Amino acid sequence: MRIRKVAAVTMAACLAASALAGCGSKKSDEKVIKIGVFEPTTGENGGGGYQEVLGIRYANEMHPTVNIGGEEYAVRLVEVDNKSDKTEAVNAAQKLVSEKVSVVLGSYGSGVSIAAGQIFADAKIPAIGCSCTNPQVTEGNDYYFRVCFIDPFQGTVLANFAKDQFSATKAYCLAKQGDDYSVGLCNYFMKAFGEENCVYEVFPEGTSDYSSYVTSAKNSGADVFFAPVSIEAAALILDQAATQDLGMPMLAGDTWDSNVITEAAKGKSNIDLYVTTFYQEGGNAEFDAAFKEWINSDSTNLTNNNGNDMIAAVSVMGYDAYYVALEALKAAGSTNPADVMTALWDVTYDGITGHIAFDDENGDAVRDLAYVKHCNTETGAWDLVGEQGV
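This report concerns the structure included in the present document.

Reading the values: the criteria
Residues numbered from 1 in each chain as written. Predicted model: local features only at pLDDT ≥ 70, side-chain atom pairs only at ≥ 80, totals over all residues. Heavy atoms only, no water. Helix = DSSP H or I, 4+ residues; strand = E, 2+ residues; numbered from the N terminus. Rg over C-alpha atoms; globule rule 2.2 N^0.38 Å. Buried < 20%, exposed > 50% of the residue type's maximum accessible area, 1.4 Å probe, protein only. Contact = heavy atoms within 4.5 Å. Areas by Shrake-Rupley, 256 points an atom, 1.4 Å probe, with all protein chains shown as cover. Core = buried A, V, L, I, M, F, W, Y, C linked by side-chain atoms within 4.5 Å. Pairing = 2+ DSSP bridges. Axes fitted to C-alpha atoms, helices over the stretch in contact; angles between N-to-C directions. Arc of directions from axis to C-beta.

1. Things to note about the overall build of the chain
Line of reasoning, step 1. A tally of helices and strands in the chain yields 13 helices and 16 strands.
Line of reasoning, step 2. A compact globule built from 390 residues should have a C-alpha radius of gyration of about 21 Å, and the chain, at 20 Å, falls within 12% of that.
Line of reasoning, step 3. A principal-axis box enclosing the C-alpha atoms of the chain has dimensions of 70 × 45 × 35 Å.
Line of reasoning, step 4. Across the 390 residues of the chain, 56% fall into the buried class.
Line of reasoning, step 5. In the chain, 70% of the contacts between residues at least 6 apart in sequence involve partners at least 24 apart.
Line of reasoning, step 6. Accessible surface, the chain as shown: approximately 15,100 Å² in total, 46% of it carbon and sulfur.

Pasting the structure below:
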């Protein structure tokens, strides 16, 4: 895919970090299509949510129009903050419905996506998940799709990796009570690994001290420590793992693929951390260079990317999801959300993260590979271990 250079003068007028993205003024006769951006930019998943939003905003600036039924439309992003909270997710989804968006992108976080799913279905507005991996997001909901792999696959990849890479025969698994993502991914991991060979614990909402869980893992006789929890919790767990010298490899899912995690692990030489994810920086050099240039072009972008220009996989997933939405709008030849939903089932797209097509059952992306990364505690970067399927 060719990545267009941004014309400095033109795009400078369009850059905006406001809730409603797009050029500030428009011609009175300009046709506008609204795409909803349903993401957490506050709460425990706010850091990852903002990185997903960055990918969507970048795609919108690279391709701010779409041809629908022979007419050119300006694409206006309508952003709402679901605040990493299931109740707020419903409120945010209802706001997008009231804004009469034609399609929705998001969310980072499976729990909020599940919570909002019925709102979108009742309004007959299709949603495209960028990185929400829990199967319940799309199950029984014809209006929810996703471009990422799902947790039965990811959990199996991680379990196989633990056995193949470390000859692990016992695993310690940690999740957050009531959290769809971490509880679900732990369950899929344990099923693939062998539940009888796993020690499973959950921590309650509001936990800030993870010392007892790290101690429990050390005393369990486990060979690996698996904790697919939020970035916020992960940084604290890493601190305790280093302080107590955990003494076993740590595994996590796509949520931990963040520069917040690499920063938290940097300098902790006794941390041995691996994650599965959707994209590895360096996979598309042209895209990576242009996206980094865009991040560094604006201090707000840099802040929202957690202070540096490392490319998060969720940013690339947001970017690809935006283009899938444009393909659906073009295929529908209509701005009617129900028509867009119908068109989505047959949409295919070759994105930065690979070929995207949806299965006929749930609208899940057909994905059979994950990237496995290792955290380099000296450089504060991710090193690619390889691609792994099941």
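2. A short note on the environment of Ala-222
Line of reasoning, step 1. Of note, Ala-222 is situated in the loop between α7 (211-219) and β10 (224-226).
Line of reasoning, step 2. By relative accessible area, which is 11% here, Ala-222 ends up buried.
Line of reasoning, step 3. With 25 residues separating them along the chain, Ala-222 and Gly-247 place their C-alpha atoms 9.9 Å apart.
Line of reasoning, step 4. Setting aside its immediate chain neighbours within four residues, Ala-222 contacts Lys-170, Ala-171, Tyr-172, Ala-217 and Met-248.

3. Considerations on the nonpolar core
Line of reasoning, step 1. If you look at the biggest cluster of nonpolar residues, it comprises 92 residues, and the most contacted ones within it are Ile-35, Phe-225, Met-250, Trp-256, Leu-273 and Tyr-322.
Line of reasoning, step 2. When residues of this core are assigned to their parent elements, the largest contribution, 13 residues, is made by helix α12 (residues 313-332).
Line of reasoning, step 3. Not counting the four nearest positions on each side in its chain, Tyr-322 is found in contact with Ile-35, Ile-56, Ala-59, Asn-60, His-63, Pro-64, Val-75, Leu-77 and Leu-105.
Line of reasoning, step 4. One finds Cys-173, Tyr-181, Leu-185 and Val-372 within the second-largest nonpolar core, a separate group that totals 20 residues.

4. Describing the sheet that holds strand β15 (residues 370-376)
Line of reasoning, step 1. The mixed open sheet is built from seven strands, whose spatial order is β9-β8-β10-β11-β12-β15-β16. This sheet does not close on itself; its edge strands, each paired only once, are β9 (198-203) and β16 (381-388). This sheet shows a mean twist of 25° between the axes of neighbouring strands, independent of strand direction.
Line of reasoning, step 2. This element, helix α5 (residues 151-166), spans β10, β11 (250-252), β12 (273-277), β15 and β16 of the sheet and lies at about 100° to β16.
Line of reasoning, step 3. Docked against the sheet, helix α6 (residues 180-193) engages β8 (171-176), β9, β10 and β11, running at close to 160° with respect to β8.

5. A few points about the environment of Asn-304
Line of reasoning, step 1. Tracing the sequence through the fold places Asn-304 in helix α11 (residues 299-304).
Line of reasoning, step 2. Residue Asn-304 is classed as buried on the basis of its relative accessible area, which comes to 10%.
Line of reasoning, step 3. Through-space distance from the C-alpha of Asn-304 to that of Leu-326 is 25 Å; in sequence the pair is 22 residues apart.

6. Observations regarding α7
Line of reasoning, step 1. Burial in α7 covers these residues: Tyr-213, Val-214 and Ala-217. All buried residues of α7 fall inside an arc of 100° around its axis, so they share one side.
Line of reasoning, step 2. Against the buried residues of α7 lie β8, β9, β10 and α8 (231-243).
Line of reasoning, step 3. Looking at the residues trailing α7, positive phi occurs at Gly-221, about 80°.

7. Side note on unusual backbone geometry
Line of reasoning, step 1. Here the amide bond leading from Gly-106 into Ser-107 is cis, since omega sits at 15°, within 30 degrees of zero.
Line of reasoning, step 2. Following the sequence through the fold, Ser-107 ends up in the loop between β5 (103-105) and α4 (110-122).
Line of reasoning, step 3. Phi at Asp-245 takes a positive value of approximately 55°, unusual for a residue other than glycine.
Line of reasoning, step 4. Summarising the element assignment, Asp-245 is placed in the loop between α8 and β11.
Line of reasoning, step 5. Residue Asp-245 is classed as partly exposed on the basis of its relative accessible area of 42%.

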